Amino acid sequence: MALQVYNTMTRQKEPFETIDPGKVRMYVCGVTVYDDSHIGHALMAITFDVIRRYLEWSGYAVLHAQNFTDVDDKIINRAAQYGMDPLEFSTGYIEKWHEESTALNILPAQVYPRASEEITGMLEMIGGLIEDGHAYQSDNGDVNFDVTSFEGYGKLSHRNLDDLLAGARVAVDPTKRHPMDFVLWKAAKPGEPAWSSPWGPGRPGWHIECSVMASRHLGGQMDIHGGGADLVFPHHENEIAQSESFEESKPFARYWMHNALLQFRGDKMSKSIGNLVSTREIIENGDAGPFRLMVLQTHYRHPLTYTDEGIESARRGYERLVNAVRDAGDLANAQPASIASDLDAAEARFRTAMDDDFNAPVAVSVLFDLARLANQSDGDDRTAAQAKLVELAGVLGLPLQASATRAGDSDAGPFIELLLELRQELRADKQYALADSIRDRLTGLGVIVEDSADGSSWHWSS
Ligand SMILES: [Zn+2]
């Protein structure tokens, strides 16, 4: 059976058919960069990384764009607290995001548009929407989208305007024609960053940013538009209203994909509850691999609950996989083995699972089957099973082998340096247990750390 993808729009799995055969245009709504990322963000990034890796392994060329929202109230307020320029402030968090993505083995997107660099396109779209009667300027200077002008409003979240209105309990706002109208252009207040526009100085609303960035980089229409489930309403609903009112080509996106949000002891993980686990914490603990395994072991549309026991069990699982290939020989030249048909069957199970709306928990169980098979075999059989395990784990972004990392020495180098710097800081801070655990985990990955009077150096184990 060919690939089936669950579409939030139709609430069912659909055969995956792309606009251009063999090519996938994928837009993933990225982060609003005003604070350290937490593992809920990491879960989203890993989810779409696995989707992309599987599509590529299946033969698609994937054009992946992930935006940074760097024009936003939260950024402006936080930057003001620190007395910083908002764009400079958000740039720091964008750099952190890239560092953390590398540490989590997330493939870089081909394009990382930033809202602040796409203002011209936003002015154009807003102008077009006003011209066609989909938007209007209010007395306070804001430009709003008129939700009653778009017939399909609510189709993604499966609610009509009346339901939405009842659910949101919106206060009457005299500047809006309909209470659900949303802002496209905000008139500038003193002290805020502002761009000039035909409607006076101001800045774009959040939703128009994504509509424009997605269209510009993916060509008006895309195959996959993704993000966390919290973006379905209003963000993605509003993106559809804007883009389908403006663009000729419809639908705006063929498949709307949303990952369930990470839970923490039954609660949503959020700053206001104070239960955030930062992405950095996971990386510093050496849990990048185990955390990815933990994410994969729950289907992306089901909420994963993060617990200490959960990550501990993922560590043991990850170690089992790593141990199965620890002594592997020359995997690139693994010979046909007597267990070849078992390996083919395992790969077929893996493919069937992933073709069923990226059913990673079942795909992961195939990895454990292969690890068992490798452990029970010897000679060519063992090497062939190990080779298949490394290959399929790689499709899920789980690097099991130091040699797999070694192939990309230049990629791993800066990250290892970063870890060594961190370890140095921990030692200076007398946090020896954590510093030692970094060294031990690097050793486990085939990186030998040597300390001398001049500091630490590293090399690959031979
Ligand atoms: Zn977005």
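Within every chain, residues take consecutive numbers counted from 1 along the sequence as written. Owing to the predicted nature of the model, reporting of local features is limited to residues with pLDDT of at least 70; listing and counting of side-chain atom pairs is limited to 80 or more, with chain, interface and lining totals taken over all residues. Note that water and hydrogens are dropped before the side-chain values are worked out from all heavy atoms of the structure.

(A) Spatial organisation of the overall build of the chain. Summing up its helical and strand segments, the chain has 16 helices and 15 strands in all. A globule of 462 residues ought to have a C-alpha radius of gyration of about 23 Å, and the chain, at 24 Å, matches this closely. Structurally, the chain occupies a C-alpha span of about 75 × 55 × 40 Å along its principal axes. Taking all 462 residues of the chain together, 51% fall into the buried category. A run of DSSP states H or I qualifies as a helix once it reaches four residues; a run of E qualifies as a strand once it reaches two. Both are numbered from the N-terminal end. In this treatment the radius of gyration is a C-alpha quantity, and the globule benchmark scales as 2.2 Å times the residue count to the 0.38 power. Residue burial is assigned from relative accessible area. The probe radius is 1.4 Å, only protein chains are included, and a residue is buried under 20% of its type maximum, exposed over 50%, and partly exposed in between.

(B) Main features of the coordination of the zinc ion. The rule for donors is simple: an N, O or S atom within 2.8 Å of the metal counts, and for Na, K and Ca the reach is 3.2 Å. Water is not among the atoms, so a site may look short of donors. At 2.1 to 2.2 Å from the zinc ion lie its protein donor atoms, namely Cys 29 (SG), Cys 210 (SG) and His 235 (NE2). Spacing between the donor residues of the zinc ion along their common chain follows C-x180-C-x24-H. Here the residue Cys 29 occupies a position in the loop between strand 3 (23-28) and helix 1 (39-57), and His 235 occupies one in helix 7 (residues 232-246), the gap between them amounting to 206 residues. In this structure, Cys 29 and His 235 share a single accessibility class: buried.

(C) Quick look at the packing of helix 2 (residues 73-81) against helix 3 (residues 86-103). Axes here mean lines fitted to C-alpha atoms, for a helix over just the part in contact, with angles spanning 0 to 180 degrees between N-to-C directions. At their nearest, the axes of helix 2 and helix 3 sit 9 Å apart, and the two run at 100 degrees to each other. Classified by the angle their axes make, helix 2 and helix 3 are roughly perpendicular. Judged by residue contacts, Ile 75, Arg 78 and Ala 79 of helix 2 engage Pro 86, Phe 89, Ser 90 and Tyr 93 from helix 3. Charged residues are taken to be Asp, Glu, Lys and Arg, nonpolar residues to be Ala, Val, Leu, Ile, Met, Phe, Trp, Tyr, Cys and Pro, and polar residues to be all remaining types, Gly included. Considering only residue class, the contact of helix 2 with helix 3 consists of five nonpolar, one polar and one charged. Any angle that is under 35 degrees is reported as roughly parallel, and any over 145 degrees as roughly antiparallel; angles of 65 to 115 degrees are reported as roughly perpendicular and all others as oblique. We call two residues in contact whenever any of their non-hydrogen atoms come within 4.5 Å of each other.

(D) A look at the packing of aromatic side chains. Think of it this way: a Phe, Tyr or Trp ring, Trp meaning its six-membered ring, pairs with another when their centres are within 6.5 Å, and the plane angle makes it stacked under 30 degrees, edge-to-face over 60, tilted otherwise. Going through the model one piece at a time under the given rule, you end up with 13 aromatic pairs. Ring geometry for Trp 57 versus Phe 350: centroids 5.7 Å apart, planes at 90 degrees, classification edge-to-face. Of this pair, Trp 57 sits in helix 1 while Phe 350 sits in helix 11 (residues 340-355), and the two are 293 residues apart along the sequence. Consider the rings of Phe 145 and Phe 182, whose centres lie 5.1 Å apart with planes at 15 degrees: the pair is stacked. Of this pair, Phe 145 sits in strand 6 (residues 143-145) while Phe 182 sits in strand 7 (residues 182-187); the two residues are 37 residues apart in sequence, bridging distant segments of the chain. Take Phe 145: its relative accessible area is 0%, and that puts it in the buried class. Classification of Phe 182 by relative accessible area gives buried; the value is 6%.

(E) Structural detail: a negative patch on the surface. Residues enter patches when their relative accessible area tops 30% and they take part in no salt bridge; the joining distance is 9 Å for like charges and 5 Å for the nonpolar side chains Val, Leu, Ile, Met, Phe, Trp and Tyr. Using the Shrake-Rupley algorithm and a 1.4 Å probe, accessible areas are obtained, with residue cover drawn only from the displayed protein chains. Take a side-chain nitrogen of Lys or Arg and a carboxyl oxygen of Asp or Glu: if they are within 4 Å of each other, that pair is a salt bridge. When charges are counted, Lys and Arg are positive and Asp and Glu negative, with His and the chain ends excluded. Charge positions come from single atoms, namely NZ of Lys, CZ of Arg, CG of Asp or CD of Glu. There is a patch of like negative charges on the surface, built from Glu 417, Glu 421, Glu 425 and Asp 429. Summarising the element assignment, Glu 417 is placed in helix 15 (residues 409-428).

(F) Spatial organisation of the sheet that holds strand 12 (residues 267-268). Should DSSP find at least two bridges between two strands, the strands are taken to pair. Overall, mixed pairing links the three strands, which are arranged 12-11-13 in an open sheet. The sheet terminates laterally at strand 12 and strand 13 (305-306), the two strands that pair on one side only. Here two bridges tie strand 11 (residues 263-264) to strand 13, and the two strands are oriented parallel to one another. By the bridge assignment, Gln 263 is partnered in strand 13 with Thr 305.

(G) Region of interest: the domain arrangement of the chain. The domain boundaries here were taken from an automatic or database domain assignment. Domain parsing of the chain yields domain 1 (4-259), domain 2 (267-400) and domain 3 (409-460). Each of domain 1 and domain 3 was reduced to a C-alpha centroid, and the two centroids are 39 Å apart.

(H) Structural context of the pairing of strand 4 (residues 61-66). The pairing of strand 3 with strand 4 spans six bridges and is parallel. By the bridge assignment for strand 4, Val 28 is matched with Gln 66. By convention, a crossover is right-handed whenever its connection, traced from the first strand over the helix to the second and viewed with the strands pointing away, goes clockwise. Read from strand 3 through helix 1 to strand 4, the crossover connection turns out right-handed.

(I) Just the sheet that holds strand 4, in detail. The strand order across the open sheet built from four strands is 4-3-9-10, with neighbouring strands paired in parallel fashion. Each edge of the open sheet is held by one strand with a lone partner, namely strand 4 and strand 10 (253-259). Averaged over all neighbouring strand pairs, the angle between strand axes comes to 20 degrees, with direction disregarded. Across the sheet, helix 6 (residues 206-218) lies against strand 3, strand 4 and strand 9 (222-228), angled at about 160 degrees from strand 3, the strand it touches most.

(J) Geometry of empty space enclosed by the protein. Note on definitions: the grid is 1 Å and covers protein atoms alone; a cavity is a set of points where a 1.4 Å probe fits but cannot get out; a pocket is an open set with protein on both sides within 12 Å along at least five of seven lines; lining residues have an atom within 4 Å of a point. Grid points are joined across faces, edges and corners, and a volume is the space filled by probe spheres set on the points. Summed over all chains, the structure comprises five cavities of 30 Å³ or more. In this structure, the largest cavity spans a volume of roughly 110 Å³. Taken together, Thr 47, Val 50, Ile 51, Val 295, Leu 296, Thr 298, His 299, Tyr 300, Met 354, Phe 358 and Ala 360 form the lining of the largest cavity. Those elements that provide at least two residues to the lining of the largest cavity are helix 1 and helix 9 (288-296).

(K) Up close: the confidence of the model for the chain. Per-residue pLDDT for the chain averages 91, and the proportion of residues at 70 or more is 96%. How sure the predictor is of each residue is captured by pLDDT, a score from 0 to 100. In the model, residues 403-408 has pLDDT below 50 throughout and makes four contacts with residues more than four positions away in sequence or in other chains.

(L) Molecular detail of the layout of surface pockets. What the second largest pocket holds in volume is close to 1000 Å³. If you trace the second largest pocket, you find 40 residues lining it, with Val 31, Tyr 34, His 38, His 41 and Asp 230 closest to the centre. Elements that contribute at least two residues to the lining of the second largest pocket include exactly helix 1, helix 3, helix 6 and strand 9. Residue classes in the lining of the second largest pocket are distributed as 17 nonpolar, 14 polar and nine charged. Two domains share the lining of the second largest pocket, each providing at least three of its residues, namely domain 1 (4-259) and domain 2 (267-400).

(M) A look at unusual backbone geometry. Put simply, Phe 233 and Pro 234 share a cis peptide bond, and its omega is 0 degrees. The step from Lys 250 to Pro 251 runs through a cis peptide bond, and the omega angle for that step is -5 degrees. Mapped onto the elements of the fold, Pro 251 is located in the loop between helix 7 and strand 10. For Asp 357, which is not glycine, the phi torsion reads 50 degrees and is therefore positive. Tracing the backbone shows Asp 357 in the loop between helix 11 and helix 12 (360-376). For Asp 357, a relative accessible area of 0% corresponds to the buried category. Even without glycine at this site, Lys 430 takes up a positive phi of about 60 degrees. As for its placement among the helices and strands, Lys 430 is situated in the loop between helix 15 and helix 16 (432-444). Given a relative accessible area of 63%, Lys 430 falls into the exposed group.

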